[in-house]
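Breakdown of the fold
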Amino acid sequence: MMKKRITAIVVSVFILLNTCTAFAVGESSSETDYQQYTEAAETLAALGFVQNYSGDDLINKRMTRGEFTDIVIKMLNQNTVWTQRQIFTDVGEEHSQADAVNTAYSLGLISGMGGEFKPGEPITFEQAAKILVLALGYRLQAEKLGGYPEGYLLLASRLGITKGINAPKSTLLRSGMALQMAFNCLEVDLVEMQISTAQEWEISVAEGANILTQYHKITKGRGVVNKTPVSSLTSAARSSEGMVEINGTLYKTGNTNAEDLLGYSVTWYCDSEGTLLFTYCDMRYNEVLSVDIKDIIPGSFNSDGEKFSYIDGNGKTSEINVSRYADYLYNGVSMGSFRPELLTGEGYVMFIDNNTDKTAEVVMVWSYEVMVADGVDKLTSKAFVKYGDNQILELEENSKRTVKITINGKKMNISAIESMDILSVFKSLNTNGYEHIEVVISRDIVSGKIEWVNSEENTVGIGEKEYIVSSGASIDIFSSALPNTSVFATGIRTPLFIPNSMIHASYVSSTTLP
């Protein structure tokens, strides 16, 4: 049986983020479609323009005319129009989208068909394009180009509204496609004034004035997160709670995950009060390589500080370029210069190229201990450990210690820790009396038949999958098991970026199969 352990991978991140690479898409329901539309859907949702669209809805669900109209009115931040007169026979006062439809009609964005609007029917490509072109104020220019539908489609293409959408006329838009078109409008310059005379058509475009800046006082930018409440890239200096620094400017984190993106290049949206509304870590601008600590070749970090050597997934020696001005962090906190003695135990090294120059600007060492929880004392913020090097885990937050506890990527408090939980514990260096601790709770269960045991690499095959056995446990319990033995074991999935599952062998029950 061929067994291949993958320990060095290029990572598409998300606990933290989704990748959204631009592809031309049509009617196909592929993974690239989903990746493309995710940024649009998440951004529009974070800015309050849509409800959450995700998963199959982006690819398979059709966007209705009523839904799309409601999104556009929210983007324009228009007060809804109340009228005693029913404009469309099929959109009564009780209809959930009546306000949006009536407002769109009063703004000249829609006209209906034979007295009806048909809000529940799927919107077509050209219908969506016309509504968006009109919303941006380009009616005269679209009419000059031939009117509906060709003139509007042509202008929508020139304005970038249909970027990433390769659909023929009359295509019934899937939700992801419609959201992508709405997203593409956010930064299109608005028409300030348009004049039509018998001889000429004139428009005046307000350069830099768009839906975000004019209707919502929202600014957008991109930069590297260089300081959080846990650490900065260059020192253990921290920002205040609820604040992050991006390219030297402080922002309130709001409800974003900006605190988790230290060292990454992010796209951000911010309101007029300096509060982040959305941060997006676009993997088009971040290349991340994750390498198991055990696969870093000792002494390979050269004197110029420009390369690391490691054993890749094919068992060959590879190199990663590192900037001589790179920032180094250990378990989330700056450690100043690189310290090779920290490359021990279980963990991995992340190399982050945050400006796409094929050189890592940030190097993060993540090293952890595996513990089994016995219980907690909520009053003193202590976790008691059944197995592991530390019998008591101090988790009280104060001016000298920050603590982050997560389960399945969700932040929790100490009360979430239960007896028999598997804890992955990351502790920073104690720098000037300050330390940061991250605890990842796992309750994953591994069960199946033992297929093979590799004592050299401390791995076992259970069913069709390979698992790493924690160094704090013994692989002997698997080695001594009979062939065709079924096992039931507690496992952990290491946090952030590692795809391999890990088994803590202290809790394994086995039964011989008939």
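Structure shown above.
Throughout, residues of each chain are indexed from 1 in the direction in which the sequence is written. Given that the model is predicted, a residue must reach a pLDDT of at least 70 before its local features are reported, and side-chain atom pairs must reach 80 or more before they are shown or counted; all residues, however, enter totals for whole chains, interfaces and linings. As a rule here, side-chain values come from all non-hydrogen atoms in the structure, and water together with hydrogens is ignored.

Time to look at the pattern of salt bridges. Whenever Lys or Arg places a side-chain nitrogen within 4 Å of a carboxyl oxygen from Asp or Glu, that contact is recorded as a salt bridge. Enumeration over the complete set of coordinates arrives at 18 salt bridges. Its salt-bridge partner being Asp260, residue Lys411 comes within 3.9 Å of it at the nearest N-O pair. One end of the pair, Lys411, is in strand S18 (residues 410-412); the other, Asp260, is in the loop between strand S6 (249-252) and strand S7 (265-270), with 151 residues separating them in the sequence. Each residue is assigned to one of three classes by its accessible area relative to the maximum for its type, calculated with a 1.4 Å probe on protein chains only: buried under 20%, partly exposed between the two thresholds, exposed over 50%. Judged by its relative accessible area of 46%, Lys411 is partly exposed. For the salt bridge of Arg284 with Asp282, the shortest nitrogen-to-oxygen distance reads 2.4 Å. A cluster of three or more residues bridged by salt bridges with shared partners is formed by Glu259, Asp260, Lys404 and Lys411. Starting at the N terminus, helices and strands are each numbered in turn, a helix being any DSSP run of H or I of at least four residues and a strand any DSSP run of E of at least two.

We now examine the pairing of strand S17 (residues 401-407). The buried fraction of S17 amounts to 7 of the 7 residues, a majority that puts the element mostly inside the structure. Whether two strands pair depends on DSSP finding at least two bridges between them. Bridge analysis of S17 against strand S20 (residues 435-442) gives 7 bridges, and the strand direction is parallel. What sits directly across from Ile407, in S20, is Ile441. Pairing between S17 and S18: 3 bridges, direction antiparallel. Within S18, the residue paired with Ile405 across the bridge is Met412. Between S17 and S18, which pair antiparallel and follow one another directly, the connecting turn spans 2 residues, one of which, Asn408, has a positive phi of 55 degrees.

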